[in-house]
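# A look at the structure
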Amino acid sequence: RLQTLTELSLNSALLSPEWQQQLTQLQPRGDLHESYLKLQLQAEQPPRYFARARVENLAVKPWKKVPGVEGLDFQFNLDQESGVVDLASTAAHIDTNGLIRELLPLERAAGRVTWQHTNNGWRLALRQLDISNQDLAAQLQGSIDLPVGDLSPQVNLQAQITRGNGAMTFRYLPVGIMHEKTGAWLDRGIVAGQVSDGAMVLQGPLRQFPFVDGSGRFEIGFKVKEAIVDYADGWPRIEQVAADVKF
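Quick notes on the rules
Residues numbered from 1 in each chain as written. Predicted model: local features only at pLDDT ≥ 70, side-chain atom pairs only at ≥ 80, totals over all residues. Heavy atoms only, no water. Helix = DSSP H or I, 4+ residues; strand = E, 2+ residues; numbered from the N terminus. Buried < 20%, exposed > 50% of the residue type's maximum accessible area, 1.4 Å probe, protein only. Contact = heavy atoms within 4.5 Å. Areas by Shrake-Rupley, 256 points an atom, 1.4 Å probe, with all protein chains shown as cover. Lys, Arg positive; Asp, Glu negative; His and termini not counted. Charge placed at Lys NZ, Arg CZ, Asp CG, Glu CD. Patch = residues over 30% accessible without salt bridge, like charges linked within 9 Å, V, L, I, M, F, W, Y side chains within 5 Å. Salt bridge = Lys/Arg side-chain N within 4 Å of Asp/Glu carboxyl O. Polar contact = N/O pair within 3.5 Å; in protein donor to acceptor, adjacent residues only side chain to side chain. Core = buried A, V, L, I, M, F, W, Y, C linked by side-chain atoms within 4.5 Å. Arc of directions from axis to C-beta.

Turning our eyes to something else, we now look at the overall build of the protein chain. Across its full length, the protein chain holds three helices and 13 strands. Projected onto the principal axes, the alpha-carbon positions of the protein chain cover approximately 75 × 35 × 25 Å. Considering the protein chain as a whole, with its 247 residues, one finds that 33% of them fall into the buried category. Long-range contacts, defined as pairs at least 24 residues apart, comprise 50% of the intrachain contacts of the protein chain with a sequence gap of at least 6. On the protein chain, roughly 15300 Å² of surface is accessible, and the fraction owed to carbon and sulfur atoms is 54%. Charge separation in the protein chain, taken as the distance between the mean sites of 24 positive and 28 negative side-chain charges, equals 3 Å.

Residues Leu37, Leu39 and Leu41 make up a contiguous nonpolar surface patch of about 300 Å² in total accessible area. For Leu37, the location among the structural elements is in strand S1 (residues 29-40). Residue classification places Leu37 among the exposed residues on the basis of a relative accessible area of 57%.

In this section: the side chain of Ser152. By the element assignment, Ser152 lies in the loop between strand S9 (136-147) and strand S10 (154-165). A polar contact of 3.2 Å, which involves the side chain of Ser152, links it to the backbone nitrogen of Leu206. Not counting chain neighbours up to four residues away, the residues in contact with Ser152 comprise Pro147, Pro205, Leu206 and Arg207.

Here the focus is the environment of Leu129. With respect to the secondary-structure elements, Leu129 resides in strand S8 (residues 121-132). By relative accessible area, Leu129 is classed as buried at 11%. Measuring from C-alpha to C-alpha, the distance between Leu129 and Thr162 comes to 13 Å, with 33 residues separating the pair along the chain. Those residues in contact with Leu129 that lie beyond four places of it in its chain are Leu87, Ala110, Gly111, Ala138, Gln139 and Leu140.

Right, let's get into the nonpolar core. Looking at soluble globular proteins, one finds that nonpolar side chains tend to be buried together. Ranked by internal contacts, the top residues of the largest apolar core, which has 38 residues, are Leu58, Leu72, Phe74, Phe76, Leu87, Leu106 and Leu140. No other element matches strand S2 (residues 48-60), which puts five residues into this core. Not counting residues up to four positions away in its chain, the partners in contact with Leu72 are Val55, Glu56, Asn57, Leu58, Leu87, Ser89 and Ala92.

Structurally, Arg29 can be placed in strand S1. Residues Arg29 and Arg1, 28 residues apart in the sequence, show an inter-C-alpha distance of 7.2 Å. For Arg29, the contacting residues outside a window of four places in its chain are Leu2, Gln3, Asn57, Leu58 and Ala59.

Regarding helix H3 (residues 180-189), the residues found buried are Gly183, Leu186 and Gly189. One side of H3 holds all its buried residues, which, seen down the axis, span an arc of 145°. Along H3, the residues that are exposed and aim more than 90 degrees away from the buried face are Glu180 and Lys181. Where H3 is buried, its residues contact strand S11 (190-205) and strand S12 (217-229).

Here is the structure:
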């Protein structure tokens with residue numbers, strides 16, 4: 001179990017104070033299977049290691065700019081410089097640490113996630129990551145650069161949306177980085193609708209979202225039918241809308 005491995009690691013002298021702090025914040029839990037670890041220790045040198053395993057029901061708390069997860073199943077290979085995760089989950093949740101209002105439920109999460117140490121921090125890459133639940137189905141790919149220090153993460157993500165329920169839009173709005181008035185209007189304005197054939201592009205420094213200063217790019221386009229829009233108090237609802245939407 002990951003809990004036991006974490007306790008052993010924290011009580012050993014193998015981890016630097018920085019890694020001990022990170023592990024304490026993450027609070028990893030889950031079951032390990034088919035695990036292998038190779039560790040090389042040299043005097044006055046950071047440890048070198050290689051590990052692989054199959055993990056069931058992983059749970060970690062959000063850490064800095066990285067979301068937390070619950071119930072994730074996957075296989076991984078990693079060393080001190082890079083790693084690969086192949087996801088195969090059917091009942092997981094993502095904790096975006098305030099980016100969206102609720103835990104993001106995932107009835108399916110399949111694909112590859114990699115990370116690589118760079119000169120400026122870490123690069124996280126998504127390779128044909130398929131996610132779906134009762135409200136939506138999409139495929140994501142791209143990268144997120146996580147710099148050292150207090151610099152903003154740099155995002156380059158693309159998504160293809162094959163299915164979406166407009167009535168559940170409020171669950172997925174990025175309220176943590178969205179202007180309050182924009183979020184309030186979308187909460188109220190999008191009442192219903194069936195979304196298909198959609199695409200999203202998100203590029204730029206995440207802290208500058210929605211990039212009103214021109215520092216990045218955020219575009220969404222999709223087809224919608226049977227939509228209901230409640231534009232404003234005193235205005236009649238617009239119903240049975242079918243349209244190609246871009247913004």
